[in-house]
Amino acid sequence: MVILNKCVLEFTSVPENVAFARVSVAAFASQLDCTLPELEEIKVAVSEAVGNAIIHGYRNKADKTVRVLATIYKEGLEIRVEDSGIGITNIEMAMQPAYSTDPERMGLGFVFMQSFSDRLQVDSTPGKGTTVTMYKRIGLRGAKARAN
Amino acid sequence: MVILNKCVLEFTSVPENVAFARVSVAAFASQLDCTLPELEEIKVAVSEAVGNAIIHGYRNKADKTVRVLATIYKEGLEIRVEDSGIGITNIEMAMQPAYSTDPERMGLGFVFMQSFSDRLQVDSTPGKGTTVTMYKRIGLRGAKARAN
Amino acid sequence: VGEIRRFLRDDSPVKVSRSLKETAYKIQQTRDRLTARLGRDPSINEIAEELGFGREEVVNALEAAQTPTSIYETLHQ
Ligand SMILES: Nc1ncnc2c1ncn2[C@@H]1O[C@H](COP(=O)(O)OP(=O)(O)O)[C@@H](O)[C@H]1O
Ligand SMILES: Nc1ncnc2c1ncn2[C@@H]1O[C@H](COP(=O)(O)OP(=O)(O)O)[C@@H](O)[C@H]1O
Ligand SMILES: [Mg+2]
Ligand SMILES: [Mg+2]
């Protein structure tokens with residue numbers, strides 16, 4: 001697949017940076033001529049993945065680093081969110097709707113990520129960290145599509 | 001100085017990413033309780049520095065990487081823009097108002113960066129690259145200031 | 001899922017993007033109103049609080065309203 005553009009964000013694991021990551025990835029993705037509803041889905045997916053990295057991966061420790069990689073392909077967008085936190089022992093269970101290790105939480109983060117993505121991959125090693133990779137087909141439209 | 005928050009952006013040297021960097025740094029800096037005019041100045045300064053990295057540093061080659069580091073201190077904001085491009089031989093001359101190596105350009109980029117910054121530092125090695133560091137005092141106001 | 005999302009997320013950016021231009025206009029109005037009330041330029045935080053948005057969304061809306069070539073523009077003509 002042809003890479004058209006790429007960016008990496010690296011930031012401190014504080015909750016304020018969830019909104020920062022959401023807006024930044026959306027600004028980057030808006031180059032793809034996506035629709036506003038698509039942009040909304042991107043924002044939600046990024047918020048959930050980055051929130052998970054901070055809350056679960058780093059158990060709210062504020063001195064860690066979260067990495068977000070966004071890649072624009074001719075055919076779509078890939079978003080990868082990485083932490084070097086506690087990791088997930090049972091990925092399949094973690095991804096079940098309404099499953100959460102925290103009784104206060106709703107366990108719907110992965111549901112949103114899944115509903116956004118055409119392909120969602122979660123790689124995790126307990127004690128090492130977690131990588132969530134989401135891929136979404138987004139076609140080029142308008143002037144950009146005609147130029148291609 | 002106490003660091004409150006930190007982020008790094010790394011992206012491809014294509015002109016579309018000037019807007020991406022501008023929005024991202026502005027979203028990050030909005031944590032500092034700056035005013036809208038201050039935000040505008042931040043955006044302009046980032047656009048000029050990132051634009052210079054792409055246009056001059058990399059001579060518009062699209063396969064290079066620009067790095068932007070933003071750090072929020074209790075007292076203000078530091079923005080650093082780095083390229084590994086051609087570098088600047090005479091920094092003092094480059095920073096003169098209306099000086100440009102390109103006759104089509106206005107040579108006002110450094111003027112905007114200077115007017116934004118309380119401290120502006122340019123480090124460059126010909127053949128190695130350029131780092132522009134801008135620091136701006138931005139006081140806490142309102143709720144945050146009262147909480148401190 | 002969209003439905004659930006709208007119910008669950010209190011910081012949902014959905015309201016903002018409905019019309020980013022309209023939002024940008026509201027931001028300017030709010031800024032003027034707060035400037036009159038406070039006797040100084042309000043911070044983004046104060047504007048965001050007044051409007052009930054996140055401050056990053058304020059940044060986003062302002063940028064979108066400024067960038068004529070952006071997606072936002074073409075969608076709201
Ligand atoms: N980055 C991560 N690191 C460690 N555990 C994670 C991570 N992301 C998700 N998890 C685990 O997966 C569970 C389900 O996640 P999610 O669907 O987002 O629901 P919630 O965040 O509401 O718990 C979490 O409760 C947590 O145990
Ligand atoms: N990152 C950079 N790498 C190499 N040269 C640079 C860089 N930034 C600025 N310059 C040099 O400094 C000059 C002045 O920059 P600036 O004030 O932004 O004006 P302009 O971009 O309009 O030329 C440029 O013309 C260029 O020669
Ligand atoms: Mg979650
Ligand atoms: Mg310039």
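Details of the structure are given in the entry above.
Residues numbered from 1 in each chain as written. Chains lettered and ligands numbered in written order. Predicted model: local features only at pLDDT ≥ 70, side-chain atom pairs only at ≥ 80, totals over all residues. Heavy atoms only, no water.

1. Notes on the site of ligand 2
Residue and element names in this part refer to chain B. Around ligand 2, the structure places 18 residues, and the nearest of them are N52, H56, S100, T101 and G107. Here a nitrogen atom of ligand 2 and a side-chain polar atom of D83 are 2.9 Å apart. G107 places a polar main-chain atom, nitrogen or oxygen, 2.8 Å from an oxygen atom of ligand 2. For ligand 2, whose accessible area on its own is 530 Å², the fraction buried by protein is 95%. Put simply, the parts of the chain that give the shell around ligand 2 at least two residues each are α2 (36–57) and α4 (109–116). Sorting elements by how many residues they give to the shell around ligand 2 places α2 first, with four residues. When grouped by side-chain class, the residues that make up the shell around ligand 2 number seven nonpolar, nine polar and two charged. (Near = heavy atom within 4 Å. Polar contact = N/O pair within 3.5 Å; in protein donor to acceptor, adjacent residues only side chain to side chain. Areas by Shrake-Rupley, 256 points an atom, 1.4 Å probe, with all protein chains shown as cover. Helix = DSSP H or I, 4+ residues; strand = E, 2+ residues; numbered from the N terminus. Nonpolar A, V, L, I, M, F, W, Y, C, P; charged D, E, K, R; others polar.)

2. As for a nonpolar patch on the surface
The grouping of B:V44, B:M106, B:L108, B:V111 and B:F112 at the surface amounts to a nonpolar patch, some 410 Å² of accessible area in total. Note that B:F112 resides in helix α4. (Patch = residues over 30% accessible without salt bridge, like charges linked within 9 Å, V, L, I, M, F, W, Y side chains within 5 Å. Salt bridge = Lys/Arg side-chain N within 4 Å of Asp/Glu carboxyl O.)

3. Thoughts on the relation of the copies chain A and chain B
Once chain A is rotated about the relating axis by 180° and shifted along it by 0.0 Å, it coincides with chain B to within an RMSD of 0.1 Å. Accordingly, the operation relating the two chain copies is best matched by a two-fold axis. Mapped onto chain B, 100% of the interface residues of chain A are again interface residues, and the two copies thus contact each other with one and the same surface. (Least-squares fit on C-alpha atoms with pLDDT ≥ 70 in both. Contact = heavy atoms within 4.5 Å.)

4. Some thoughts on the site of ligand 1
Residues and elements named next belong to chain A. Neighbouring ligand 1 are 18 residues; N52, H56, S100, T101 and G107 lie closest to it. R105 is positioned such that a nitrogen or oxygen atom in its side chain is 3.1 Å from an oxygen atom of ligand 1. In the environment of ligand 1, an oxygen atom lies 3.1 Å from a nitrogen or oxygen atom belonging to the backbone of G109. When isolated, ligand 1 has an accessible area of 530 Å², and the protein chains bury 95% of it. When residues of the shell around ligand 1 are traced back to their parent elements, those giving at least two are α2 (36–57) and α4 (109–116). With four residues, the top contributor of residues to the shell around ligand 1 is α2.

5. Some details on the packing of helix α1 (residues 16–29) of chain A against helix α1 (residues 16–29) of chain B
Taken N-terminus to C-terminus, the directions of α1(A) and α1(B) make an angle of 165°; their axes are 9 Å apart at the nearest point. Classified by the angle between their axes, α1(A) and α1(B) sit roughly antiparallel to one another. Helix-helix and strand crossings are classified by hand; for α1(A) and α1(B) the assignment is right-handed. From α1(A), A:N17, A:F20, A:V23, A:S24, A:A27 and A:F28 reach across to α1(B), where they touch B:N17, B:F20, B:V23, B:S24, B:A27 and B:F28. Looking at side-chain class alone, the contact of α1(A) with α1(B) contains eight nonpolar, four polar and no charged residues. (Axes fitted to C-alpha atoms, helices over the stretch in contact; angles between N-to-C directions. Parallel < 35°, antiparallel > 145°, perpendicular 65-115°, else oblique. Left-handed = near helix turned anticlockwise from the far one by under 90°.)

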